[in-house]
Each structure stands twice: as structure tokens, then as C-alpha cells.
Amino acid sequence: SWREKLFGGLKRTSEKLGENLTGLFAKPLDAQTLDEIEEALIVSDLGPAMAMRIRDRLEDTRHSRPITEEYVREVIADEVEKVLKPVAKPLEFKAARPQVILVIGVNGSGKTTTIAKLAKRFQEQGRSVMLAAGDTFRAAAIGQLKVWAERIGVPIVSGKEGGDAAGLAFSAVQQATEQGIDILIVDTAGRLQNRTELMDELAKIRRVLGRLDPASPHDVVLVLDATSGNNVLSQIEVFRDVAQVTGLVMTKLDGTARGGMLVAAAEKYGLPIHAIGVGETIDDLRPFDPADMARAIAG
Ligand code: GDP
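Residues numbered from 1 in each chain as written. Predicted model: local features only at pLDDT ≥ 70, side-chain atom pairs only at ≥ 80, totals over all residues. Heavy atoms only, no water.

Q: If you had to explain the nonpolar core to someone new, which residues and values would you point to?
A: Judged by nonpolar contacts, the single largest core of 80 residues is most densely connected at Leu58, Ile76 and Met293. With eight residues, helix H5 (residues 69-84) is the single largest residue contributor to this core. Within the second largest apolar cluster, 26 residues are counted, among which are Val103, Leu131, Ile142 and Ile183. (Core = buried A, V, L, I, M, F, W, Y, C linked by side-chain atoms within 4.5 Å. Buried < 20%, exposed > 50% of the residue type's maximum accessible area, 1.4 Å probe, protein only. Helix = DSSP H or I, 4+ residues; strand = E, 2+ residues; numbered from the N terminus.)

Below, the structure written as C-alpha cells:
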């Protein structure tokens with residue numbers, strides 16, 4: 001089941017947390033042990049604010065109850081859930097036809113795969129979907145998106161390698177409008193090496209889309225690879241400034257020990273998190289339940 005997949009996927013994250021906390025439970029819970037627990041939580045990617053809150057809670061309760069590993073994990077799960085609850089928001093159909101979803105993120109983050117996964121989910125909800133291969137810098141990205149489109153049976157608008165991405169997006173919206181498509185998902189280039197160019201390109205796409213509908217793009221979804229660790233936070237900062245990000249998808253939470261990054265990102269930026277990726281197949285993207293997610297991370 002999906003729940004088993006979630007817990008299985010985040011196993012390395014919870015195991016790493018356990019390793020970092022090893023040996024801290026046999027000790028008296030004095031200021032030094034509390035410091036060490038706080039440090040272990042930071043090393044586990046949960047972020048400094050969360051680590052401090054958990055430390056404070058343990059400090060407040062240490063005289064009234066035995067501080068076992070189980071109790072510490074319970075407190076962690078509880079605090080993580082509190083942070084994830086307000087940001088867990090599935091990407092929904094907003095009744096704008098077409099609803100334009102711009103998908104951004106660095107190359108290799110899982111953008112193409114995530115677009116296919118999102119398309120499939122909307123299809124399952126009875127929505128008509130169209131894709132636009134806006135990453136015109138990489139022939140491989142265009143090719144890969146075409147393969148996905150064919151596999152799931154959705155139309156795709158694509159151009160030549162090196163073509164104008166904004167022009168392609170414009171043409172895709174026109175075609176989606178003509179065909180009465182519910183949701184248009186637009187891929188974009190993700191070369192962080194040339195930030196100015198990337199910024200200009202995303203700004204141009206936004207401008208062109210806004211000309212057709214001031215509310216467009218209706219969603220700007222940033223795809224982040226959990227395995228890139230702290231780079232997740234710097235990527236949010238760059239893209240938030242460049243492209244007015246409205247929500248996040250975090251991929252590759254399966255098999256990484258850095259799942260805590262989801263919590264750190266949620267805590268620091270408070271952006272909606274639409275879904276998580278826990279595998280390479282088309283069904284491995286799901287909205288998440290904050291309580292399950294918190295439990296899977298805390299172990
Ligand atoms: P893009 O360059 O951002 O478009 O990235 P791709 O969609 O091509 O993905 C890069 C690699 O990451 C591919 O091998 C994908 O199969 C893989 N990938 C994407 N999402 C996930 C995920 O949630 N889990 C795992 N394990 N792999 C993923």
C-alpha cells in the first residue's frame with residue numbers, strides 16, 4: 001500500500017535519526033544531554049528551530065516523566081506534524097480553463113517525472129491534461145516528456161531544441177483553450193549555472209502567460225530533490241525570488257537519509273507542499289498525510 005511505501009521510503013531518514021540519537025538515552029537528561037539531542041536533530045536535517053522546540057519540550061517534561069527513546073520519537077513526530085499540517089496542500093483544479101501549472105526546478109531534480117506523475121493523477125480525477133515541453137534547452141528533456149505523454153495518453157505541445165520557451169508556452173495555452181483542456185502543465189529549463197538567463201526566461205514565460213490571463217500561471221510548482229540536502233533551501237530561495245513559487249513537490253524521499261529536509265523547508269518557508277515523490281514509477285507521487293509523514297520521519 002501507499003502507506004507502506006511511505007514508511008519504507010523514509011526508513012533511511014528515520015534510521016539516521018536513530019543513529020544520531022544513539023547513546024543519548026542512557027544519560028541523565030541534563031543541559032549537556034539536551035544540547036546533544038538538539039545537535040542530533042539539526043544533523044538529522046530537521047532545522048534549528050524545530051530542534052530547539054523539541055529540546056524545550058523535553059526540558060519541560062523531564063521531571064514529570066521518564067525520557068525514553070520512544071518518548072523522544074513521539075515528541076519529534078508531534079512537532080513535525082504541527083509544522084507539516086498547515087503546508088500539506090494537494091494541487092487542486094481551480095476551474096480556470098486551462099489551469100496553467102508552471103513546473104520549475106534544477107535539472108535532475110525530477111521535474112519531468114513529476115510532471116508525468118501529476119498528469120496521471122489529474123487524469124484519474126477525470127481532468128483533461130495537456131503537457132508543454134518548455135525545457136527547450138535539452139533535447140533529452142523534450143524526448144523524455146514525449147515518452148511520458150504517450151505512455152499516459154495526454155497531448156503534448158513541443159518545439160525544436162533551442163526554441164523559444166515563452167512562445168511555446170503561449171502556443172500551448174492557445175491550443176489547450178481551443179481544445180477545452182482543464183489543465184496545462186508546462187515544463188521549464190533548470191540551468192542554475194546561468195542564473196540571469198534562467199531568470200530572464202522564467203520572467204518572459206510569466207509575462208507571456210499573464211497576457212493571455214492575468215491569473216496565469218495559476219500555479220508555480222518548484223520541484224526539489226531531497227537527496228540534495230541543504231541545497232534544497234538555497235534552491236527555494238533562488239526560485240522564490242525568480243518565479244514567485246506557489247508550492248513545492250519534494251522528490252526522491254525514498255532511499256535517502258535526508259528526508260528531514262522536507263521539515264526544514266516547511267518550517268523555514270511555509271510554502272504549500274503539494275506532494276512527495278517516493279519512487280520512479282508513475283504512481284509514486286502522492287499528497288501526504290501530515291501525521292503519517294511525521295511518524296515515518298520520526299520512526
Ligand atoms: P529532470 O531533469 O528534473 O526533468 O529530472 P527527471 O524527471 O528526468 O528525473 C531525474 C531522475 O530522477 C530520473 O532517473 C527519475 O527516474 C528519478 N526520479 C524522479 N523522481 C524520483 C523519486 O521520487 N524517487 C526516485 N527514487 N527517483 C526519482
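Q: An account of the packing of helix H2 (residues 11-21) against H5 is requested, with residue identities and associated values reported.
A: Where H2 contacts H5, the two axes come as close as 12 Å, and the packing angle between them is 130 degrees. When the axis of H2 is compared with that of H5, the two are oblique. Classified by chirality, the crossing of H5 by H2 is right-handed. Seen from H2, the contacting residues are Ser14, Leu17, Gly18 and Leu21; seen from H5, they are Val72, Arg73 and Ile76. Looking at the contact of H2 with H5 residue by residue, the class counts come to four nonpolar, two polar and one charged. (Axes fitted to C-alpha atoms, helices over the stretch in contact; angles between N-to-C directions. Parallel < 35°, antiparallel > 145°, perpendicular 65-115°, else oblique. Left-handed = near helix turned anticlockwise from the far one by under 90°. Contact = heavy atoms within 4.5 Å. Nonpolar A, V, L, I, M, F, W, Y, C, P; charged D, E, K, R; others polar.)

Q: Hey, could you go over the sheet that holds strand S1 (residues 99-104) for me, with residue numbers and the actual values?
A: Overall, mixed pairing links the eight strands, which are arranged S3-S2-S4-S1-S5-S6-S7-S8 in an open sheet. Of all strands in the sheet, those bounded by a partner on one side alone are strand S3 (156-157) and strand S8 (285-286). Here strand S6 (residues 247-251) pairs with strand S7 (residues 273-277) via three bridges, running parallel. Bridge pairing links Leu248 to Ile273 in S7. (Pairing = 2+ DSSP bridges.)

Don't take any of this as a statement about function, it's just geometry.
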